[in-house]
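Chain by chain, the residues run as shown.
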Amino acid sequence: QAAVFATGQMKCYDDELNEIGCNSEDYPGQDALFHTGVLHSYIDNGDGTVKDNATGLVWQKTPPTTGGWANDGLMSWQEALKYCKNLELAGYNDWRLPNVNELHSLVRYDRASPTPAIDTLFDFPARFASPQDWKYWSSSSVVGLRSSAWGVSFYYGGISNGFGKHEFSRVRAV
């Protein structure tokens, strides 16, 4: 049976941003009441990689902050694919760009901007100037819009198909 991840949410809210009791009759059945799903669990391997204990995937701990068109770590989709293919890290050379489901598995819904929606074991480059800097590529093309690829924004934890393949986003290899 495949793992479905818990969000990690521990508090409940009404529609006016107020924290409320999770047993509320007015807003029943919120995620924080049930705590369903597999908890995120990672190990820092100490070699620039992080292992996801639930999926078995090994991730690049620190995304590149150099490379790409402006040498700032932001890359086009093609550059991201090539970067991962050519990456040598922790004695491995079989790195790849994750598919959208793999990448989305890193999202933590108990964290939100200005804190990246990803576990603190993963390095996240210094405070970003624009939401573009929070977006990460996947290897998954958008079938109905082949000039775009699916990606994940760690600003709010959402999946987006608005990543034009010639635009620039960040990379985290798996």
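Cut-offs applied
Each chain carries its own residue numbering, running from 1 in the direction its sequence is written. For this predicted model, a pLDDT threshold of at least 70 governs which residues receive local features, and a threshold of 80 or more governs which side-chain atom pairs are given and counted, while totals over whole chains, interfaces and linings are taken from all residues. Note that the side-chain values use all heavy atoms of the structure and ignore hydrogens as well as water. Here, a disulfide means two cysteine sulfur atoms that sit within 2.5 Å of each other. Secondary structure elements follow DSSP: runs of H or I of four or more residues count as helices, runs of E of two or more count as strands, with numbering from the N terminus. Only protein chains enter the accessibility calculation, which uses a 1.4 Å probe; a residue whose area is less than 20% of its type maximum is buried, one above 50% is exposed, and one in between is partly exposed. Salt bridge, as applied in this entry: a Lys or Arg side-chain nitrogen positioned within 4 Å of an Asp or Glu carboxyl oxygen.

**Q** I tried to follow the state of the cysteines on my own but got confused; where do I start?
**A** Formally, a disulfide is one covalent bond, and it connects the sulfur atom of one cysteine to the sulfur atom of another. Counted by the stated rule, this structure contains 1 disulfide. Each disulfide pairs two cysteine sulfurs, and for Cys 12 the partner residue is Cys 22, the sulfurs being separated by 2.1 Å. Its S-S torsion of about 105° marks the bond between Cys 12 and Cys 22 as right-handed, since a negative value means left-handed. In this pair, Cys 12 sits in strand E1 (residues 12-13) while Cys 22 sits in the loop between strand E2 (19-20) and helix H1 (31-34), placing the two residues 10 residues apart along the sequence. Its relative accessible area of 1% is what places Cys 12 among the buried residues. Under the relative-accessibility criterion, Cys 22 is labelled buried at 18%.

**Q** Sorry if this is basic, but what is going on with the pattern of salt bridges here?
**A** Between side chains of opposite charge, a pair can form as their charged atoms come close. By the definition in use, this model includes 5 salt bridges. In this structure, the salt-bridge partner of Glu 19 is Lys 11, at a minimum N-O distance of 3.9 Å. For Asp 44, the salt bridge is made with Lys 61, and the minimal N-O distance between the two is 2.5 Å. Residue Asp 44 is located in strand E3 (residues 42-44), and its partner Lys 61 is located in the loop between strand E5 (58-60) and helix H2 (77-86); the two are separated by 17 residues in the primary sequence. Of the residues examined, Asp 44 reaches a relative accessible area of 31% and is grouped as partly exposed. For Lys 61, a relative accessible area of 17% puts it in the buried group. Each of Arg 108, Asp 110 and Asp 119 takes part in salt bridges that share partners, so that together they form one network.

All quantities given are derived from atomic positions and should not be read as evidence of function.
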